[in-house]
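Each chain, letter by letter, is given below.
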Amino acid sequence: MTRTSPTDQEPDEQPVVETAPKRRRLDEDAAGLGRTRASAFVAPALVLIGIFLVFPALWTLYLGVTNWQLTGLAAAEPEFVGLDNYIDALTNDRFLDSVFRTLVFVLGSALIGQMVLGFTIAWLMRTAGKTLRGIVETLVLMGWILPASVIAWLWLVLLDRREGTLNSLLGTGETAWLLEYPMQSIIAFNIFNGTAFAMLLFSSALASIPPSQLETARMSGAGTWATLRDVVFPNIRGHILTVMLLVTLWTFNVFTPFLLTQGGPGQETEIFPVLIYRMALETGQLGRGAAFSLIMIVINLAIALIYLRVLRERRQK
Amino acid sequence: MKTRSMRSRAGGFAVGLSTAALVLAACGSDDDSDAPADGEEVTEATLTIAENAIRGGKNAEVAEWVEDWVIPEFEEMKAEDGVDVTVEFDGSGADDEDYKTSLALDLQTGEGADVIGGFDGIWTGEFAQADYIQPLNEIYSGADDWEGWDQVPEAVQQNMSFEGDRYGIPVGTDGRVIYYNTELFAEAGLPEDWQPTSWEEILDAARQLQELDGVTPIQINAGTPMGEATTMQGFLPLLAGTGAEIYDEDASLWMGASPEMQQVLDFYNTIYVEEELGDPLLQQEAAGRDNSFLMFSEHELGMLIEGDYLWRSVITPDSDIAPMEDRDEVVGWAKIPAVEPGAGVGGQDFVSMSGGGGQVLNPNTDYPELAWELLSFMNSKEALLERYGDDPRITSRADVNEELDLDEMIRYITDEVLPITFYRPGLEEYPEVSIALQESTEAVVTGTSPADAAEQYQSSLEGIVGDENIAN
């Protein structure tokens, strides 16, 4: 089942089917299990996918066309409302604002923040001593492996208005960071939380660059920027794409900023997952929440498809 | 070849789905085998009590009372009858709105505690209409014969009733006043015995308090993070002081962006934006209400409108939220005035808002009779005296109130506030309207003009109750 791309399937499949069905069959059943037993092996996985992916997705699709609510009459007897929820989403300022905010959040925290910072740390640590490297990597990893709720607590204490650590460090009096710079705060929070992944991936990517190329660059007197541009980036282009897509996908779905700001003040940090939560569970509009979720699933699928496509192209090279 | 493999894939998918359906069906059927059949004698049972209360946190006294008194007493009582009952306590310390969401989710999936407390009376309508809760006498047929009903005034029973049916036992009622810090008042040259008779006098006092260093003059709840506290302690008492009510019972119409609403929002605007007598950031903080309690207990806040809950549960000297050692000496209280004398609803000079929660039974309980016994035991005279003996409040039972040694504050609520108070409309739409009201105050404190905020409210309201149900 690795052959899913039409471009590599058609040319070799047709002649095989017509001329040598027997050999082809052998190829397909390499383990010699036969169809029944093979199906039995795959069944558990399919069941899990069915329960946890397909069924919820279909259910969400159904809920999205009802006016189902958490409480009240519409909770007991939801009514079919067709595409109202979707039309409502696309014409609703709150929804559109939230999409825009999510873009800013992804751009700021994932693409610019985590990737640039992750790469910078990986690049600097490449030549650093073992101890320093160990310390830095452990610290960055801490931000990643600690439970999000713990980190959120630390950040609440850091940014607190009255006795916050940041205010006493900077001498900024009673600055309410989470209220005055809400988007910047959650972006910084998410960078802290997720940089480790980019750093780890870039570290191993940098290690895969042939030392001879770096050496040659150094010998010919290339500066840091020239080395990066002409030797490093061309070598790790594939890794950069991978990191970019994965980090985008995760950041797009991340809910933890809610622990800091609950989407507020007002709706200023209401990124997409937070909007759905507030809509569905705080105001109890489950039908609308489901419709919004489906839109989110579609966006996720689009990003995932791009990712798979890029990955396949890399493999083919 | 191709089609065959497709078919087998589709077959596998179908198998997967049908297995999924089986598993889900198994999860869905909740017929615990230990549930008694009808008429069978129960000899062993486990019951759960849920409250939005937790040791060392929110409503700690309730949690302690349940765990240290109710549970052992009830278990012992039942053991004497030969029934081996185990009662568990499911505590929580969440914001009321989050607690409500988790209750709704529990009940929707057929789960949840047998006896559910911390239930705001205003949720009764929407929960009943969603079929999450049922009238007590439908869950247990003997519920109407409870001796306690005679002690609970009709108006208080209404808190936990919907369309004429009792869905729960109310725990009591409350009232709202302006609390003020007499020490700060003295420092600012204001009388320690203070009773404003108009909004202007509140503003005057706040202006004088503004002269003090490190003191926020006034806190009137605004914004969505404070949830229902914004509506109940902020918007609605002010609105009652303008002579308007949010819902006109006689005409069955909701109030839209009326001149009275404009007046209330103007008042918010004066306090938070124009004169900065209050702290607009506090209204937007996720923990803003708790912080307002802390500020008040630490003498950093001059005045705040709150219910008697503040007095008896938040700033008590041994409180876990905002202990105030010198509460009895420092805290003063006054009735909330109308805009000007005689301008309130019904020509009143002073106004207040009251509500109250209670406990309901979970319709999904395996032991309806035992659950009812536990519920009524928790609301027996003996249990309430145990609970409120040292920590008085206005309970729902007249016989208990007579014996309680009400302190000065609670007596003030009974004698002065309850006669002038108003209640929220017990309608399914109310909670959503309440959120729209909170949003309008939030808009004002974040700098939107009152006129625009009122307009936004009008359009939210149209979306909630429909154009035809709004008075113009």
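The rules behind the values
Residues numbered from 1 in each chain as written. Chains lettered and ligands numbered in written order. Predicted model: local features only at pLDDT ≥ 70, side-chain atom pairs only at ≥ 80, totals over all residues. Heavy atoms only, no water. Helix = DSSP H or I, 4+ residues; strand = E, 2+ residues; numbered from the N terminus. Buried < 20%, exposed > 50% of the residue type's maximum accessible area, 1.4 Å probe, protein only. Core = buried A, V, L, I, M, F, W, Y, C linked by side-chain atoms within 4.5 Å. Contact = heavy atoms within 4.5 Å. pLDDT = per-residue confidence, 0-100. Phe/Tyr/Trp six-rings, centres within 6.5 Å; stacked < 30°, edge-to-face > 60°. Lys NZ or Arg CZ within 6 Å of the ring centre and 35° of its normal. Pairing = 2+ DSSP bridges. Polar contact = N/O pair within 3.5 Å; in protein donor to acceptor, adjacent residues only side chain to side chain.

Trainee: Please explain unusual backbone geometry as it appears in this structure.
Mentor: Residues apart from glycine generally show negative phi values, whereas peptide bonds are mostly found in trans. All names here are of chain B. A positive phi angle, close to 50°, is found at Glu-163, a residue other than glycine. By secondary structure assignment, the location of Glu-163 is in the loop between strand S4 (161–162) and strand S5 (165–166). Residue classification places Glu-163 among the exposed residues on the basis of a relative accessible area of 66%. Of note in this structure, Ser-252 is not a glycine but carries a positive phi near 55°. Relative to the elements of secondary structure, Ser-252 occurs in the loop between strand S9 (247–248) and strand S10 (253–255).

Trainee: Is there a simple way to think about the nonpolar core in this case?
Mentor: The tendency in soluble globular proteins is for nonpolar side chains to be buried side by side. One finds B:Phe127, B:Ile220, B:Phe235, B:Ile246, B:Tyr268 and B:Met303 to be the most contacted residues of the largest nonpolar core, which totals 85 residues. Look past the residues within four positions of B:Ile220 in its chain and what remains in contact with it is B:Gly234, B:Leu238, B:Phe267, B:Tyr268, B:Ile271, B:Tyr272, B:Gln283 and B:Ile305.

Trainee: Would you explain the confidence of the model for chain B in this entry?
Mentor: Segments scoring low in pLDDT should not have their predicted coordinates read at a detailed level. Residue and element names in this part refer to chain B. Counting all residues, the mean pLDDT for chain B is 88, and 92% of those residues have values of 70 or more. Here helix H1 (residues 2–28) stands out as the least confident element of chain B, with mean pLDDT 42; strand S13 (residues 336–337) is the most confident, with 97. In the predicted structure, residues 1–33 sits below a pLDDT of 50 and forms 18 contacts with residues beyond four places in sequence or in another chain. Here the predicted complex scores 0.80 on pTM and 0.77 on ipTM.

Trainee: When you look at the packing of aromatic side chains in this model, what are you seeing that I'm missing?
Mentor: For any two aromatic rings, the description comes down to two numbers: the centre-to-centre distance and the angle of the planes. Under the defined criterion, the tally for this structure stands at 33 aromatic pairs over all chains. Considering the side-chain rings of A:Phe119 and A:Phe202, the 5.4 Å spacing of their centres and the 85° angle between planes classify their relative orientation as edge-to-face. With A:Phe119 in helix H6 (residues 93–127) and A:Phe202 in helix H11 (residues 182–207), this residue pair connects regions lying 83 residues apart in the sequence. By relative accessible area, which is 2% here, A:Phe202 ends up buried. Taking the centre distance of 5.6 Å and the plane angle of 5° together, the rings of B:Trp69 and B:Phe377 count as stacked. In this pair, B:Trp69 sits in helix H2 (residues 60–80) while B:Phe377 sits in helix H15 (residues 368–378), placing the two residues 308 residues apart along the sequence. Exposure class is identical for B:Trp69 and B:Phe377. Each is buried. Chaining the aromatic ring pairs together yields one cluster made of A:Phe95, A:Phe252, A:Phe272 and A:Phe292. It is B:Arg327 that lies over the ring of B:Trp311; its NZ or CZ is 3.9 Å from the centre. One Lys or Arg, B:Lys335, reaches over the ring of B:Phe350 and ends 4.6 Å from the middle of that ring.

Trainee: What's the story with the sheet that holds strand S17 (residues 470–471) of chain B in this structure? I'm lost.
Mentor: Residue and element names in this part refer to chain B. What the three strands build is an open sheet, ordered S9-S10-S17; its pairing is mixed. For this open sheet the edge positions go to S9 and S17, each flanked by a neighbour on one side alone. Relative to S10, S9 is paired through two bridges, and the arrangement is antiparallel. The partner of Asp-248 across the bridge, within S10, is Leu-253.

Trainee: Sorry, what's going on with the side chain of A:Glu270 here?
Mentor: All names here are of chain A. Relative to the elements of secondary structure, Glu-270 occurs in the loop between helix H14 (257–261) and helix H15 (272–282). Under the relative-accessibility criterion, Glu-270 is labelled buried at 0%. Among the polar contacts made by the side chain of Glu-270, one reaches the side chain of Arg-94 at a distance of 2.9 Å. Contact partners of Glu-270, with chain neighbours within four places excluded, come to Arg-94, Ser-98, Arg-101, Gly-263, Leu-275 and Arg-278.

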